[in-house]
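Listed here are the chains, written in short residue letters.
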Amino acid sequence: MQEAFLHYIWQLQYLNKNDLKTEDGEDVEVFDPGTLNGDAGPDFSSARIRIAEMEWVGNVEIHTNSSNWYDHGHEEDAAYENVVLHVVWRDDKPVLRGDKTKIPTIALQNRVDKSLIEKYKKLVESPTSIPCERVFPKVMDIVKFSMLDKAAMLRLERKSETATQLAKASDSDWEGVTYHLMGRNFGFKLNFEPFQQLTNSVRRKILLKHADNLTQIEALLFGQAGFLDHGIKDDYFKLLTREYKVLSSKYALENQKISKSLWKFLRLRPANFPTIRIAQFSALMYENQNLFSRIVEASSYDEMVKLFEVKTSDYWHNHYRFGRKTARSLSGMGKDSINNIIINTVVPLLVAYGKFKDEQALVDRALTLLQQIPSEKNRIVKAWEEIGYKSRSALDSQALIELNNNFCLKRKCLSCSVGIEILKPN
């Protein structure tokens, strides 16, 4: 028996309360089960309960076995002194307060409908990635929409936390926060880590000193990324190498250089090669010295897209890597890549800044952006579509990803509105 299930039973009072008594035979009446506590301390707070002739207002602690009280060391924690009722599945040991008085205990072992227990076990022990996939189509749409709204906001809050922490560490330098966030996400999934190291290695303040010279920005970024270490004969490579030699000496960057071996090319389409992404990132920094301000000022999705429609230097119009010319003409970032950057960088940034400024309008703008971007296409979204839920926008797909990763896969069905609806007693 899992404590999460007992929390669910107690919170919704899905127990037989006829002749409810403590293990010592005292009558119990529950007026309010209390509020579930997600932090440290007793499981439920502000419960209102009558035991015998006395009405109590206080905390309720829940365990599988009453002996878990001592297993968890609650007898040494003052936070548990105000527990007025101990709710357990099985009472296997008396529990005493610090003053040696016995804490009233009720056992649920014979008070929960067996069909409800079986339904819960069947759900959480399902072999499928979405445990409720067979009954999901039967759940009312309003329940699904409510859970997706919750999942979307949880995802936004968690993703925006990185921006919030960067802002705290930089004394609210939001332009710097944007630089670091944008840099790491330009690496997308495979080159996230080396791109993050690159923006840590080349500080934004250094790039600003060369904001009017795209070649020098490229030299700094490609040099620190380790791509200028091996001699290539074309003129562009030689130019960047000369520039980097001067700049790396000027700013003492040599010891912070990233190993070229960290960058991944395998299984990437050429348009997604890290060399192309660095060239695009260089162009973005060149054309937008105050990128954060421009993001905040952009009033529509179309304006936001235009910020990222930057043109790389001519060399990268017909090269994917140094020294390897291609007949195919390369343009700037594709629409899918721009949408990915908006979803994973711009939106969390706006949410974090909106909370920092206490401006709900910025959070609402972030949500509107997600609604205007087509749904992402991946295996998770496809799995939901196969059981009947059509993702209409990036807001939907982000919610479905959150629901899959942090509810379904972790079998947190009792924290999900859909799971709670499915588990309602008949």
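The model shown is predicted, which means the values in this text are computed figures rather than measured ones. By convention here, each chain's residues receive numbers from 1 onward along its written sequence. Since the coordinates come from a predicted model, pLDDT governs what is reported: local features require at least 70, and pairs of side-chain atoms require 80 or more to be given and counted, while whole-chain, interface and lining totals use all residues. The side-chain numbers reported here are obtained from all heavy atoms of the structure, hydrogens and water having been left aside.

Caption draft 1: The arrangement of the nonpolar core in detail. Take the buried residues of types Ala, Val, Leu, Ile, Met, Phe, Trp, Tyr and Cys, join any two whose side-chain atoms come within 4.5 Å, and each joined set is a nonpolar core. Per-residue accessibility, obtained with a 1.4 Å probe over protein chains only, is compared with the maximum for each type, and a residue is labelled buried under 20%, exposed over 50%, and partly exposed between these values. Formed by 129 residues in total, the largest nonpolar core has its most connected members in Trp 10, Phe 222, Phe 308, Phe 322 and Ile 342. Note on conventions: DSSP H or I runs of at least 4 residues are helices, E runs of at least 2 residues are strands, and numbering of each starts at the N terminus. No other element matches the 11 residues that helix H13 (residues 335-357) contributes to this core. For this analysis, residues touch if any pair of their heavy atoms sits within 4.5 Å. Excluding its chain neighbours within four sequence positions, the residues that come into contact with Ile 342 are Tyr 301, Met 304, Val 305, Phe 308, Val 347, Pro 348, Leu 369 and Ile 373. Ranked by size, the runner-up nonpolar core spans 5 residues in total, among them Tyr 80, Val 83, Val 95 and Ile 103.

Caption draft 2: How the structure looks around helix H5 (residues 174-186). Given a helix with a known number of residues, its expected span is that number minus one, times 1.5 Å. Spanning 13 residues, H5 covers 18 Å between terminal C-alpha atoms, matching the ideal 18 Å at 1.5 Å per step. With 12 of 13 residues buried, H5 is to be regarded as a mostly interior element. Residues Trp 174, Glu 175, Gly 176, Val 177, Thr 178, Tyr 179, Leu 181, Met 182, Gly 183, Arg 184, Asn 185 and Phe 186 constitute the buried set of H5.

Caption draft 3: A look at the environment of Thr 241. When you line up the elements, Thr 241 lands in helix H9 (residues 235-250). Using a relative accessible area of 28% as the deciding quantity, one classes Thr 241 as partly exposed.

Caption draft 4: Representation of the pattern of salt bridges within the structure. A carboxyl oxygen of Asp or Glu within 4 Å of a side-chain nitrogen of Lys or Arg is what we treat as a salt bridge. The full count for this structure, using the stated rule, is 15 salt bridges. For Glu 29, the salt bridge is made with Arg 50, and the minimal N-O distance between the two is 3.2 Å. One end of the pair, Glu 29, is in strand E1 (residues 28-32); the other, Arg 50, is in strand E3 (residues 44-51), with 21 residues separating them in the sequence. Its relative accessible area of 34% is what places Glu 29 among the partly exposed residues. With relative accessibility at 24%, the residue Arg 50 sits in the partly exposed group. Put simply, Asp 141 and Lys 144 hold a salt bridge, and the shortest N to O gap is 3.9 Å.

Caption draft 5: Focus on the side chain of His 210. Structurally, His 210 can be placed in the loop between helix H7 (204-208) and helix H8 (214-224). Side chain to side chain, His 210 and Gln 216 meet in a polar contact 2.8 Å long. Residues contacting His 210, with those up to four places away along its chain left out, are Gln 216, Ile 217, Leu 220, Leu 247 and Tyr 251. By the criterion applied in these results, polar contacts are pairs of N or O atoms within 3.5 Å in which, for protein atoms, one can donate a hydrogen and the other can accept it, and in which residues neighboring in sequence qualify only through two side-chain atoms.

Caption draft 6: Representation of a negative patch on the surface in the model. Residues Glu 75, Glu 76, Asp 77, Glu 81 and Asp 99 make up a contiguous surface patch of negative charge. Mapped onto the elements, Asp 99 comes out in the loop between strand E5 (83-90) and strand E6 (105-107). Patches were defined on residues exceeding 30% relative accessible area and lacking a salt bridge, with like-charge contacts within 9 Å and nonpolar side-chain contacts (Val, Leu, Ile, Met, Phe, Trp, Tyr) within 5 Å. Computed with the Shrake-Rupley method and a 1.4 Å probe, the accessible areas treat only the protein chains shown as cover for residues. Only four residue types enter the tally: Lys and Arg on the positive side, Asp and Glu on the negative side, with His and both chain ends excluded. Charge positions are represented by NZ for Lys, CZ for Arg, CG for Asp and CD for Glu.

Caption draft 7: Examining the pairing of strand E4 (residues 54-65) more closely. When DSSP locates at least two bridges between a pair of strands, those strands are taken to pair. Where E3 lies against E4, 6 bridges are found, and the strand directions are antiparallel. Residue pairing for E4: Ile 51 is matched across the bridge by Met 54. In this structure, the hairpin formed by E3 and E4 is closed by a connection of 2 residues, where Ala 52 is found at a positive phi of approximately 60 degrees. Sheet analysis places E4 next to E5, joined by 6 bridges and oriented parallel. What sits directly across from Glu 61, in E5, is His 86.

Caption draft 8: Expanded view of the environment of His 72. Counting through the fold element by element, His 72 comes out in the loop between helix H2 (68-71) and E5. In this structure His 72 comes out as partly exposed when scored by relative accessible area, which is 45%. Setting aside residues up to four positions removed in sequence, His 72 forms contacts with Glu 3 and His 63. Within the structure, His 72 has its side chain in polar contact with the side chain of His 63 (distance 3.2 Å).

Caption draft 9: Examining the packing of aromatic side chains more closely. Aromatic pairing here means that ring centres of Phe, Tyr or Trp (its six-membered ring) are within 6.5 Å. Orientation follows from the plane angle: under 30 degrees is stacked, over 60 is edge-to-face, and everything else is tilted. In this structure the tally under the stated criterion is 29 aromatic pairs. Measuring from centroid to centroid gives 5.4 Å for Trp 174 and Phe 356, while their planes differ by 55 degrees, and the two rings are tilted. With Trp 174 in helix H5 and Phe 356 in helix H13, the pair connects residues that are 182 residues apart, well separated along the chain. On the accessibility criterion, Phe 356 (45% relative accessible area) is partly exposed. Summarising the aromatic geometry, the rings of Phe 195 and Phe 281 are spaced 5.9 Å apart at their centres and angled 80 degrees between planes, so their arrangement reads as edge-to-face. Of this pair, Phe 195 sits in helix H6 (residues 192-201) while Phe 281 sits in helix H10 (residues 274-287), and the two are 86 residues apart along the sequence. The exposure classification of Phe 195 matches that of Phe 281, with both residues buried. The ring of Tyr 70 has Lys 93 lying over it, and the distance from NZ or CZ to the ring centre is 4.9 Å. Whether a charge sits over a ring depends on NZ of Lys or CZ of Arg being within 6 Å of the ring centre and within 35 degrees of the ring normal. Stacked on the ring of Phe 407, the Lys or Arg Lys 412 has its end atom at 5.6 Å from the ring centre.

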